[in-house]
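Now for the letters of each chain:
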Amino acid sequence: MQVFKTYFRLLNAYKGIIIMYFVIFIAVALVMTSNSSLATNSEMSSEVTKLDIAIIDKDCGTLGTALRGYFGETHNLIDIEYEEEKILDELYWRKINYVLVIPEGLEESLLNDNVETMSFESMKVPGMFEADYFEAELKLYIQKLTGLLAAGYSMEDAEEELSRLQSQKAEVSFASFVNKKQNDACTIFFIYAPYLFITLGMNGVGVILLRFNARDVKDRMECSALTMKERVAGISAGILVFGLIMFAVILVIAGILSGGSIYADMRFPFFLLNLFSMLVFGLSLGFLTGTVAGNNEAVNGLVNIVSLGLCFLGGVFVPQQFFSDTIVKVSRFFPTYWYVATNEMIGEMKKLSSGLSGEIFSQIGLVFGYALVIFAITLVIISSQKTRRK
């Protein structure tokens, strides 16, 4: 009990570092969770964002009228005169998102299939994704129009046919096998848990063990009435309680993000097991750090290198979808890769099957395996250190 209390007294002395890493984790995780949830909701929505666009027809043909009718169904049309300074001012203040200019002779080029002279003029807000989306819509319209013209339609009939197709609405519904909760706030939030477990595991365990392993402290403990078994039990209990506190913090935040619904979710036990595997891995890294590091500065250096390296290469900070084949091959050697892959698999799960559960458990087992290997390596190092002292 005395060693257990001492563990937390030492931990209190380093509370500044622990709070700092905890704040970094909270800031990064919550911001990324919020942004990813908004992006996911946007992708899952069947409604297209309406743009404020202006169509200026210099050609004075039927194409301008047809484009206004076609895109007026999905976007807000703005009337504006063709004055460059005024248009730039409207774009700057985001009163208009896109200005399409139909140059003279464009309709004639379409009718004559003269592709080389077919080009629109445009003015838009730089870097705006929605403007690029509108250009893709425009390109598709022109492709359909030229296809109808090539099939023998007149310009008026082709424009009328496209307008008729535009008025038809399709209903969007999710397939029965799609989990509507995939990429929810908790699934995204859990992705960033390894950063907390690794940084605080290495600090909250490594730094404390470093103090316990100091020569003068060790000599005093050897002279005390405490047996080796009691000392090891006290330190182990301290590490376990510290780990459970981190684990509880993650679950409390997840409950707040989900409004408590995550606790009744059928995916929750699998999330728990996956989180626990990464917690054990983080604590085992702390055990190794406290054994091999020579001082606090070395611990801090190892924390930054190991945590950032594992999180970036494992897909915590950078989505695994963006990895090249070479990076994926390298990332597969890191436990964080399997943690993230398992987390996403659990998030997408709608119902449990034997094949899916087997894959989830095998990947979680890999993370536990990494933790066991690190723990074994640490024991070998401790044994060799004792041998050298003798």
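Read on for a plain summary of the structure. Model, not experiment: these values are computed from the prediction.

## Re helix H1 (residues 2-13)
Given a rise of 1.5 Å per residue, 12 residues ought to cover 16 Å, and the 17 Å separating the end C-alpha atoms of H1 matches this to within 8%. If you check which residues of H1 are buried, you get Val3, Phe4, Tyr7, Leu10 and Leu11. Looking straight down H1, one finds its buried side chains confined to an arc of 125 degrees; they lie on one side. In H1, the exposed positions angled more than 90 degrees off the buried face are occupied by Gln2, Arg9 and Ala13.

## Here we look at the pattern of salt bridges
Summed over the entire model, instances satisfying the criterion amount to 3 salt bridges. The salt bridge partner of glutamate 135 is lysine 124, with a shortest N-O separation of 3.3 Å. Placement of glutamate 135 in helix H6 (residues 129-150) and of lysine 124 in strand S4 (residues 121-124) is noted, with a sequence separation of 11 residues between them.

## As for a nonpolar patch on the surface
On the surface, Met20, Ile24, Val28, Val31 and Met32 cluster together to form a nonpolar patch covering roughly 370 Å² of accessible area. Mapping methionine 20 onto the fold places it in helix H2 (residues 15-44).

## Comments concerning the sheet that holds strand S1 (residues 52-57)
In space, the 4 strands of this open sheet follow the order S2-S1-S3-S4, with mixed pairing throughout. Across the chains shown, the open sheet's two edge strands, defined by having one partner strand only, are strand S2 (76-77) and S4. Inspection of the sheet shows strand S3 (residues 98-102) paired to S4 by 4 bridges, in the antiparallel sense. Of the residues in S4, the one forming a bridge with tyrosine 98 is lysine 124.

Rules behind the numbers
Residues numbered from 1 in each chain as written. Predicted model: local features only at pLDDT ≥ 70, side-chain atom pairs only at ≥ 80, totals over all residues. Heavy atoms only, no water. Helix = DSSP H or I, 4+ residues; strand = E, 2+ residues; numbered from the N terminus. Expected span 1.5 Å × (residues − 1). Buried < 20%, exposed > 50% of the residue type's maximum accessible area, 1.4 Å probe, protein only. Arc of directions from axis to C-beta. Salt bridge = Lys/Arg side-chain N within 4 Å of Asp/Glu carboxyl O. Patch = residues over 30% accessible without salt bridge, like charges linked within 9 Å, V, L, I, M, F, W, Y side chains within 5 Å. Areas by Shrake-Rupley, 256 points an atom, 1.4 Å probe, with all protein chains shown as cover. Pairing = 2+ DSSP bridges.

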